[in-house]
Amino acid sequence: MTSSWKGFVLFLWAVALVSIPESAAAQQPFIYPDKGQTPQQQESDRGQCYMWAVQQSGFDPSNPQVAQAPPPPQSYGQPQAPQGGMFRGAAGGAALGAVGGAIGGDAGKGAAIGAGVGALFGGMRRMRWQEEQQQQMQMRQQQQQGYMAQQQNAMAQGRSNYERAFGACMAGRGYTVR
C-alpha cells in the first residue's frame, strides 16, 4: 500500500471515529412533570411524544439515518502508469538520434544524444503522470470530506428538529423541558 493510500485509509478511520454518535441517553432533555403526572403517565407521554416527534421531524434518534446523495465514487479502477518511461523514451530517442546522426555523418553521436533526450522526456512524462495521480487522490479526499461534513450536518439538523418537536409535545402535555 502506498503512503498516500495509507494516509487516506487513516483519514477515513479517523472520520468514522469522530462521526460515531453519542449515546441517546446522554442527549435526552431533562423533563419535569409540572402537573404531578404518575410514572406510568410520564412513560406513556414520552412514548407518544417520541412517535409524534419522529413523524414531524422525519428523524428517529434510535435509528439515525439521513437521506442524502450517495458518496462520490472512490475510483474507477487502478489507473495505469505510462509504460516505459525513461527507457522507452531513451530507446525511441536513440533510434531517432541515430537516423538524424546518420544524415549528419555520425550515427553513434546522434544516437547518444537522442537517447539522453528521450530518457529525459520519458522521465518527465512519468513525473507528470504521478503528479496528476496525486492531485486526483487529493480531490477524492476533499470530496469525501465534503460528503462526510454534509452527512454530519444533516444528522445534527435532524436531531435538532426531533428534539424541538419532542420538547413541544411534552410541554403541551404539562411538562417542563430543558
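Residues numbered from 1 in each chain as written. Predicted model: local features only at pLDDT ≥ 70, side-chain atom pairs only at ≥ 80, totals over all residues. Heavy atoms only, no water.

Student: Can you break down the overall build of the protein chain residue by residue, with the values?
Tutor: Counting its secondary structure elements, the protein chain contains four helices and two strands. Within the protein chain, contacts between residues at least 6 apart in sequence are counted, and of these 80% link residues at least 24 apart. Here the protein chain displays about 12,100 Å² of accessible surface, and carbon together with sulfur accounts for 59% of that area. (Helix = DSSP H or I, 4+ residues; strand = E, 2+ residues; numbered from the N terminus. Contact = heavy atoms within 4.5 Å. Areas by Shrake-Rupley, 256 points an atom, 1.4 Å probe, with all protein chains shown as cover.)

Student: Give me the lowdown on the state of the cysteines, citing residues and values where you can.
Tutor: Enumeration over the complete set of coordinates arrives at one disulfide. Shown here is the disulfide that connects C49 with C169, its sulfur atoms set 2.0 Å apart. Judged by the sign of its S-S torsion, about -75 degrees, the cystine formed by C49 and C169 is left-handed. Within this pair, whereas C49 is found in helix 2 (residues 39–57), its partner C169 is found in helix 4 (residues 107–172), the two being separated by 120 residues in sequence. The residues C49 and C169 share a single accessibility class, namely buried. (Disulfide = S-S within 2.5 Å. Buried < 20%, exposed > 50% of the residue type's maximum accessible area, 1.4 Å probe, protein only.)

Student: Explain the nonpolar core to me, and be specific about the residues and the numbers.
Tutor: With ten residues, the main nonpolar core is built from I31, C49, A53, F59, Y162, A165, F166, C169, M170 and Y175. Contributing elements (two or more residues each) for this core: helix 2 and helix 4. With five residues, the top contributor of residues to this core is helix 4. Here F166 is in contact with P29, I31, R46, C49, Y50 and A53, once residues within four sequence places are set aside. (Core = buried A, V, L, I, M, F, W, Y, C linked by side-chain atoms within 4.5 Å.)

Student: Describe helix 2, naming the residues involved and giving the relevant values.
Tutor: Along an α-helix, residues three or four apart share an orientation, since each turn contains 3.6 residues. Across its 19 residues, helix 2 extends 26 Å between first and last C-alpha, which sits within 8% of the 27 Å expected from 1.5 Å per residue. Among all positions in helix 2, only D45, C49, A53 and S57 are buried. Buried residues in helix 2, looked at end-on, bunch into an arc of 75 degrees, giving them a common side. Projecting away from the buried face of helix 2 at angles above 90 degrees are the exposed residues Q40, E43 and Q55. (Expected span 1.5 Å × (residues − 1). Arc of directions from axis to C-beta.)

Student: Could you give an account of the pattern of salt bridges, with specific residues and numbers?
Tutor: By the definition in use, this model includes one salt bridge. The shortest N-O distance in the salt bridge between R173 and D45 comes to 3.0 Å. With R173 in the loop between helix 4 and strand 2 (175–177) and D45 in helix 2, this residue pair connects regions lying 128 residues apart in the sequence. By relative accessible area, which is 31% here, R173 ends up partly exposed. Classification of D45 as buried rests on a relative accessible area of 3%. (Salt bridge = Lys/Arg side-chain N within 4 Å of Asp/Glu carboxyl O.)

Student: Give me the lowdown on the confidence of the model for the protein chain, citing residues and values where you can.
Tutor: Residues with a pLDDT of 70 or more make up 58% of the protein chain, whose mean pLDDT is 75. Per-element confidence in the protein chain ranges from a low mean pLDDT of 46 for helix 1 (residues 3–18) to a high of 96 for helix 2. In this model, residues 8–26 is a region of pLDDT below 50 whose contacts with residues beyond four sequence positions or in other chains number twelve contacts. (pLDDT = per-residue confidence, 0-100.)

Student: Describe the packing of aromatic side chains, with residues and values.
Tutor: Going through the model one piece at a time under the given rule, you end up with two aromatic pairs. A centroid spacing of 6.0 Å and a plane angle of 70 degrees characterise the contact between Y50 and Y162, whose relative ring orientation is edge-to-face. Here Y162 lies in helix 4 and Y50 lies in helix 2, a separation of 112 residues in the sequence. Y50 gets classed as partly exposed once you look at its relative accessible area, which sits at 22%. (Phe/Tyr/Trp six-rings, centres within 6.5 Å; stacked < 30°, edge-to-face > 60°.)

Student: I'd like to hear about the side chain of Q37, residue by residue, with values.
Tutor: On the secondary structure map, Q37 appears in the loop between strand 1 (31–33) and helix 2. Side-chain polar atoms of Q37 contact the backbone nitrogen of K35, separated by 3.2 Å. Setting aside its immediate chain neighbours within four residues, Q37 contacts Q42, D45, R173, G174 and Y175. (Polar contact = N/O pair within 3.5 Å; in protein donor to acceptor, adjacent residues only side chain to side chain.)

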